[in-house]
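Here is what each chain is made of, one letter per residue.
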Amino acid sequence: MQSPTIVTSHLTKRYGDFTAVSDLTLEIGRGEVFGLLGPNGAGKSTTILMLMGMTEPTAGSVRVCGLDPVRQPIEVKRHVGYLPEDVGFYDDLSGLDNLIYTARLNGLTEGEARSRSLQLMERVGLAEEIGKKTGKYSRGMRQRLGLADVLIRNPEVIILDEPTLGIDPSGIRDFLRLIVTLSRGEGITVLFSSHHLHQVQQVCDRVGIFVKGSLLAQGDIASLARQLFSCNVSAEGREYGLEDIYNRYFEGGTHNEDHTASA
Amino acid sequence: MKITLHLHKYFSATFYEEHLRRLILAIRKEFSSFSESGAAPGAFRTMVRKEMSDHICSWRVVILMAIILLTCVGSLYTALSAITHAVGSNEEEFFFLKLFTLSDGSLPPYFVFIGFLGPLLGISLGFDAVNTEQNRGTLSRLLAQPIPRDYVINAKFTAALLVISLLFFLLSFLVIGAGLVALGIPPTPSEFMRIIFFTLLSIVYVALWLNLSLYFSVCFRQSATSALAGIAVWLFFTVFYPLIANVLIKAAAPSPYAGERSVYLFERFRFLLMQVMPNELFSQATSTLLMPSVRSLGPLTMEQIEGAIPGPLPLGQSLLLVWPQLTGLIALTLLCFILSYRSFMRREIRSR
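Rules used in this analysis
Residues numbered from 1 in each chain as written. Chains lettered and ligands numbered in written order. Predicted model: local features only at pLDDT ≥ 70, side-chain atom pairs only at ≥ 80, totals over all residues. Helix = DSSP H or I, 4+ residues; strand = E, 2+ residues; numbered from the N terminus. Buried ≥ 20, exposed ≤ 12 C-beta atoms within 10 Å, placed from the backbone. Contact = placed C-beta atoms within 7 Å. Nonpolar A, V, L, I, M, F, W, Y, C, P; charged D, E, K, R; others polar. pLDDT = per-residue confidence, 0-100. Expected span 1.5 Å × (residues − 1). Pairing = 2+ DSSP bridges. Axes fitted to C-alpha atoms, helices over the stretch in contact; angles between N-to-C directions. Parallel < 35°, antiparallel > 145°, perpendicular 65-115°, else oblique. Left-handed = near helix turned anticlockwise from the far one by under 90°. Core = buried A, V, L, I, M, F, W, Y, C linked by C-beta atoms within 7 Å.

The next point concerns the overall build of chain A. For chain A, the count of helices and strands is 10 helices and nine strands. Taking all 263 residues of chain A together, the buried fraction comes to 46%. For chain A, the share of sequence-separated contacts (at least 6 apart) that also reach a separation of at least 24 residues comes to 66%.

The next point concerns the overall build of chain B. Each helix and strand in chain B was counted, giving 15 helices and zero strands. In chain B, buried positions account for 32% of the 352 residues. Contacts in chain B between residues far apart in sequence, at least 24 positions, make up 81% of those at least 6 positions apart.

On the chain A side, the residues contacting the 24 residues of chain B number 24 residues. Going through the elements one at a time, helix 3 (43-57) and helix 8 (138-143) of chain B are the ones with two or more residues in the side of chain B that touches chain A. If one sorts the elements of the side of chain B that touches chain A by residue count, helix 8 of chain B sits on top with four residues. Grouping the constituent residues of the side of chain B that touches chain A by class yields 10 nonpolar, eight polar and six charged.

This part takes up the confidence of the model for chain B. The predicted coordinates should not be examined in detail at positions where pLDDT is low. Residue and element names in this part refer to chain B. For chain B, per-residue confidence averages 84 on the pLDDT scale, and 89% of positions sit at 70 or higher. Mean pLDDT across the elements of chain B ranges from a minimum in helix 1 (residues 2-11), with 54, to a maximum in helix 10 (residues 189-219), with 93. Low pLDDT, under 50, characterises residues 33-37; the predicted model gives this stretch four contacts beyond four residues in sequence or across chains.

What follows concerns unusual backbone geometry. Residues and elements named next belong to chain A. Although it is not a glycine, H10 sits at a positive phi angle of roughly 50°. You can see H10 is positioned in strand 1 (residues 6-15). The phi dihedral of D86 is positive, around 55°, even though this residue is not glycine. With respect to the helices and strands, D86 occurs in the loop between strand 5 (80-83) and helix 3 (95-105).

Helix length check: helix 5 (residues 139-151) of chain A, at 13 residues, gives a terminal C-alpha distance of 19 Å against a target of 18 Å (1.5 Å per residue), a fit within 8%. Taken as a whole, helix 5 of chain A has its buried residues at R142, Q143, R144, L145, G146, L147, A148, D149, V150 and L151 of chain A. Where helix 5 of chain A is buried, its residues meet strand 5, helix 3, helix 4 (110-123), strand 6 (157-161) and helix 6 (169-186) of chain A together with helix 8 of chain B.

This next bit is on the sheet that holds strand 2 (residues 18-28) of chain A. All names here are of chain A. Reading across the sheet, the three strands line up as 2-1-4 and stay open at both edges, with antiparallel pairing between neighbours. What marks the edges here is a single partner per strand, and that holds for strand 2 and strand 4 (59-64). Across the sheet, the mean angle from the axis of one strand to that of its neighbour is 20°, orientation sign disregarded. Of the strand pairs in this sheet, strand 1 and strand 2 are connected by seven bridges, and their pairing is antiparallel. Pairing of K13 across the sheet is with V21, part of strand 2.

Moving on to the sheet that holds strand 3 (residues 33-37) of chain A. Residue and element names in this part refer to chain A. Taken in spatial order, the six strands make up an open sheet running 5-6-7-3-8-9, and their pairing is mixed. Looking at strand neighbours, the two that pair on one side only are strand 5 and strand 9 (214-219), the edges of this open sheet. Pairs of neighbouring strands in the sheet enclose a mean axial angle of 15°, with direction left out of account. Relative to strand 8 (residues 206-211), strand 3 runs parallel, the two sharing four bridges.

So, on to the packing of helix 13 (residues 278-290) of chain B against helix 15 (residues 315-346) of chain B. Residues and elements named next belong to chain B. Between helix 13 and helix 15, whose axes approach to 9 Å, the crossing angle comes to 150°. Classed by the angle they form, the pair helix 13 and helix 15 counts as roughly antiparallel. Considering how the two elements wind past one another, helix 13 and helix 15 form a crossing that is left-handed. Each of P278, L281, F282, Q284, A285, T288 and L289 in helix 13 lies in contact with helix 15, whose residues at this interface are S318, L321, V322, Q325, L326, G328, L329 and L332. Here the contact of helix 13 with helix 15 is composed, by residue class, of 10 nonpolar, five polar and no charged.

Turning our attention to the nonpolar core. Counting residues in each nonpolar core, the largest one holds 137 residues, and the members touching the most others are L191 of chain A together with I164 of chain B. The biggest single contributor to this core is helix 10 of chain B, with 15 residues. Setting aside its immediate chain neighbours within four residues, L191 of chain A contacts I6, I28, F34, L36, V157, I159 and L160 of chain A.

All names here are of chain A. Following strand 1, the chain reverses through two residues before pairing antiparallel with strand 2; G16 in that reversal takes a positive phi of roughly 65°. As paired strands, strand 1 and strand 4 are joined by five bridges and run antiparallel to one another. Bridge pairing in strand 4 links T8 to V62.

Now for the environment of Q218 of chain A. Residue and element names in this part refer to chain A. In this fold, Q218 is placed in strand 9. In sequence terms Q218 and Q202 are 16 residues apart; their C-alpha atoms lie 16 Å from each other. Apart from residues no more than four positions distant in its own chain, Q218 is found in contact with L26, R206, V207 and G208.

Time to look at helix 9 (residues 150-183) of chain B. Taking 1.5 Å of rise per residue, the 34 residues of helix 9 of chain B would be expected to cover 50 Å, and the 48 Å separating its terminal C-alpha atoms lies within 8% of that figure. Positive phi appears at G184 of chain B, one or two residues downstream of helix 9 of chain B, with a value of about 80°.

Here we come to the confidence of the model for chain A. Residues and elements named next belong to chain A. Averaged over every residue, the pLDDT of chain A is 84; residues scoring 70 or more account for 87%. Taken element by element, chain A is modelled with least confidence in helix 10 (residues 256-262), mean pLDDT 39, and with most confidence in helix 3, mean pLDDT 93. Contacts for the low-pLDDT stretch residues 252-263, under 50 throughout, to residues beyond four places or in other chains number nine contacts.

With that out of the way, let us pick up the environment of I188 of chain A. Residue and element names in this part refer to chain A. Mapped onto the elements, I188 comes out in the loop between helix 6 and strand 7 (189-194). Measuring from C-alpha to C-alpha, the distance between I188 and E156 comes to 5.2 Å, with 32 residues separating the pair along the chain. With residues near it in sequence (within four places) discarded, I188 still touches P155, E156, V157, I158, L182 and S183.

Right, let's get into the pairing of strand 5 of chain A. Residue and element names in this part refer to chain A. Judged by which residues are buried, strand 5 turns out to be covered on both faces: V80 and Y82 on one side and G81 and L83 on the other are all buried. As defined by bridge partners, strand 5 adjoins strand 6 across four bridges and the pair is classed as parallel. The residue of strand 6 that forms the bridge with L83 is L160.

Residues and elements named next belong to chain B. Between helix 6 (residues 110-126) and helix 9, whose axes approach to 11 Å, the crossing angle comes to 155°. With respect to helix 9, the axis of helix 6 lies roughly antiparallel. Like other packed secondary-structure pairs, helix 6 and helix 9 cross with a definite hand, here right-handed. Contact with helix 6, carried on its side by Y110, L121, L125 and G126, involves A160, V163, I164 and V175 of helix 9 and no other residues of that element. Partitioned by chemical class, the residues of the contact of helix 6 with helix 9 number seven nonpolar, one polar and no charged.

In structure tokens:
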């Protein structure tokens, strides 16, 4: 592994008495797809905000692309694309105009902005919706436009916060495939936060399991299974998957619906 | 002896010069460190341009502009119909300014209308500036762009201010043009300058309400709440505060047999109470600027009046007279902006 792109050490965030993230130590390598897996309210979004320099950590340190997001947030944002959960666009502008606006904010000239936006819209499969107002976009289209919006500044890292929420299954498949292509093809580091374990299993090289503010385990799926069950084959002779690991942590409680969906 | 020596330092110009230079250096350093790690050049302009086009294209602003344009035309009409009676009165030298101040009684004059509608314009331009972006989920995306965070609020303020300035200069020049056509006399340079200052003053006044509503838009997540809060403050100052002030004034009124000094103090008290209202500051300042015959705003003693020759003031003196009001308005505007800036910069923005 090359020098890691994202490094956090003993990262902690408290809101009053409530600890949202506690003592998080994490390394994500270049070109890796890292899945941040955890139930709602586990502190995934707070971690991401700290990585982006959009909120200050209470303790600990962060390095993204070798930069400190607390001191150089703008520099960090130039290298990192962030797709917020449930991203919004200016409804009265067309998809293309929204992208051009972002491109202009990133310092592209009028002409560059237009050509790059057109190219990216095609890439994310929105070539036919260029002139349509984003207010009329469906949820899945908005997410894809969000991905184009993130890619417009040629990021080294993209951070996706629950990007598949509310998209239909085939849309999710396309979206995940796009992410994998980006990561493999262009060496972009991807941090993928989700509570859908089968999606994480599908795309991520490594996974961190995040519960109540702390990282319980990290590693690729086989090593996670080994850590937990001391071998990666169950008594029935089946290979342990992420699902078993997840169940081990959450004791099958909250995520029954994911069970049935992935079965 | 020591004290006088020490004080002497503060009276020398070089002392201040040195401090000022240090301050400027520090500010410049601060800004250059900003631009080093700063945003792409032109990002701020792009944002201002987008905000402006949002304003100009929105129905809300179109409706408000239509209302203001209509009142402007209406009061211009009444001024023109009343102006024929004013011919031959002793104030012919500032004839042109009467277009802004005269009325035949059916409609209030132009400057009173602006004092009334200006706050509404300011509030409507700012009340949903930040909270709508947050509710739509565009704010967190915007903050993920490589731009300083204060660009967002600065761009919103600048764009709205530009729209207001455009509108008020348009209206003033419209009135001047109509006056030229209808009256056939051009304004004198001093009249023209007075109109320009009046326009600038109106812009500052509307900017005050704009900043107040900007502050509410940072404070409240619902745009309806922030609009209501802005309107509540406006109503308080136009309706309720004068009532309260009247009660206080009545309670403090001296008996008819009271001495001169207590009457004077009472008048000063009344003046102070009224000056808390931003709309009062505005109307005092505008009436002084547009009516050169206004020679003082506060209470005067007989000694001060003695020997004064009634006559219009030159522009410089009128400006000097309203300087406190002007400073007060600008200070209030800045205060509101600082409040909204502060609470916006400290806020943690999450998606939706």
